[in-house]
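Observations on chain architecture
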Amino acid sequence: GTPLLFVSERKLIDKMAQRLTYRRRHSYATKSNRVKKVRTPGGKLVFHYVAKKSNAPVDPKTKQILNGVPVLRPAKGSKSQTNKKDRTVHRPYGGVLSGANVKERIVRAFLIEEQKIVKKVLKLQSKKTSKK
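Here's what I pulled together on the structure shown here. (Residues numbered from 1 in each chain as written. Predicted model: local features only at pLDDT ≥ 70, side-chain atom pairs only at ≥ 80, totals over all residues. Heavy atoms only, no water.)

**As for the overall build of the protein**
How we decide: Numbered from the N terminus, helices here are DSSP runs of H or I no shorter than four residues, and strands are runs of E no shorter than two. Buried, partly exposed and exposed residues are distinguished by accessible area as a fraction of the type maximum, computed with a 1.4 Å probe on protein chains only: under 20%, between the cut-offs, and over 50%, respectively. Contacts: residue pairs with any heavy atoms within 4.5 Å of one another. Values of accessible area rely on a 1.4 Å probe in the Shrake-Rupley scheme; residue burial ignores everything except the protein chains shown.
Helices and strands together make up the secondary structure of the protein, namely three helices and two strands. The N-to-C order of helical and strand elements in the protein reads α-β-β-α-α. The buried share among the 132 residues of the protein stands at 11%. Expressed as a percentage of contacts within the protein between residues at least 6 apart in sequence, the contacts between residues at least 24 apart total 28%. Roughly 12000 Å² of accessible area belongs to the protein as shown, and the carbon and sulfur atoms make up 58% of that amount.

**Comments concerning the packing of aromatic side chains**
Inclusion rule: In this analysis, rings of Phe, Tyr and Trp, with Trp reduced to its six-membered ring, are considered paired at centre separations within 6.5 Å, and the interplanar angle assigns stacked below 30 degrees, edge-to-face beyond 60, and tilted for intermediate values. Whether a charge lies above a ring is judged from NZ of Lys or CZ of Arg, which has to be within 6 Å of the ring centre and within 35 degrees of the ring normal.
Applying the stated criterion across every chain yields a total of one aromatic pair. Seen from the ring of Y49, R24 lies directly overhead, with NZ or CZ sitting 3.8 Å from the centre. Lying over the aromatic face of Y93, R105 brings its terminal NZ or CZ to 5.1 Å of the ring centre.

**Topic: unusual backbone geometry**
The phi dihedral of K63 is positive, around 65°, even though this residue is not glycine. Its place among the elements puts K63 in the loop between β2 (45-49) and α2 (84-87). The class for K63 is exposed, based on a relative accessible area of 59%.

**Here we look at a positive patch on the surface**
Counted only if it meets this: Note that patches include only residues with greater than 30% relative accessible area and no salt bridge, and the join distances are 9 Å for like charges and 5 Å for nonpolar side chains (Val, Leu, Ile, Met, Phe, Trp, Tyr). Whenever a carboxyl oxygen of Asp or Glu lies within 4 Å of a side-chain nitrogen of Lys or Arg, that contact is scored as a salt bridge. Positive residues here are Lys and Arg, negative ones are Asp and Glu, while His and the chain termini are left out of the count. To locate a charge, the coordinates of NZ of Lys, CZ of Arg, CG of Asp or CD of Glu are taken.
Residues K31, R34, K52, K53 and R73 make up a contiguous surface patch of positive charge. Along the polypeptide, R73 turns up in the loop between β2 and α2. In this structure R73 comes out as partly exposed when scored by relative accessible area, which is 33%.

**Observations concerning the pattern of salt bridges**
The final tally for this structure, using the stated rule, is four salt bridges. Put simply, E113 and K116 hold a salt bridge, and the shortest N to O gap is 3.5 Å. Within this pair, E113 and its partner K116 are both found in helix α3 (residues 99-131), separated by three residues, close to a single helical turn. Under the relative-accessibility criterion, K116 is labelled partly exposed at 49%. Bridged by salt links that share partners, the residues K61, E104 and R108 form one connected network.

**A word on the pairing of β2**
Basically, it comes down to this: Two strands pair if DSSP finds at least two bridges between them.
Here strand β1 (residues 35-39) pairs with β2 via five bridges, running antiparallel. Note on β2: the bridge partner recorded for K36 is H48. The hairpin formed by β1 and β2 contains five residues between the paired strands, and G43 there has a positive phi angle of roughly 90°.

**A few points about the side chain of N101**
Of note, N101 is situated in helix α3. Looking at N101, the relative accessible area reads 6%, which means it is buried. Residues contacting N101, with those up to four places away along its chain left out, are D59 and K61.

**A look at the environment of K61**
Residue placement: K61 occurs in the loop between β2 and α2. The contact partners of K61, leaving out residues within four places of it in the chain, are N101, E104 and R108.

In structure tokens form, the structure reads like this:
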């Protein structure tokens, strides 16, 4: 029969002979099928699947990461999985543009309106001076 082995030798052979197989049907080492080896409490080595890293939402103009908006995979950030208040910030364009960008837009719009008013006043004054 089989030769008698010491317990330490048997453990060594068990560890050496242990093979790992994927737990799902996808059998290629692609980006979407990444795994890490984990030892279970029973001493078995198994594969745990690693989720892909997510990109944080960024401001399209400044490319800075938006504060207060979670970094989630697209499916986890869907309407059915998260609340509206968790996905956005309470501000116009909240969760899309940064606060600084929104402030800049508001100031720019205000200054443009002011400039229009100044032009109108100057036009009226020039009409009055030309009438005299």
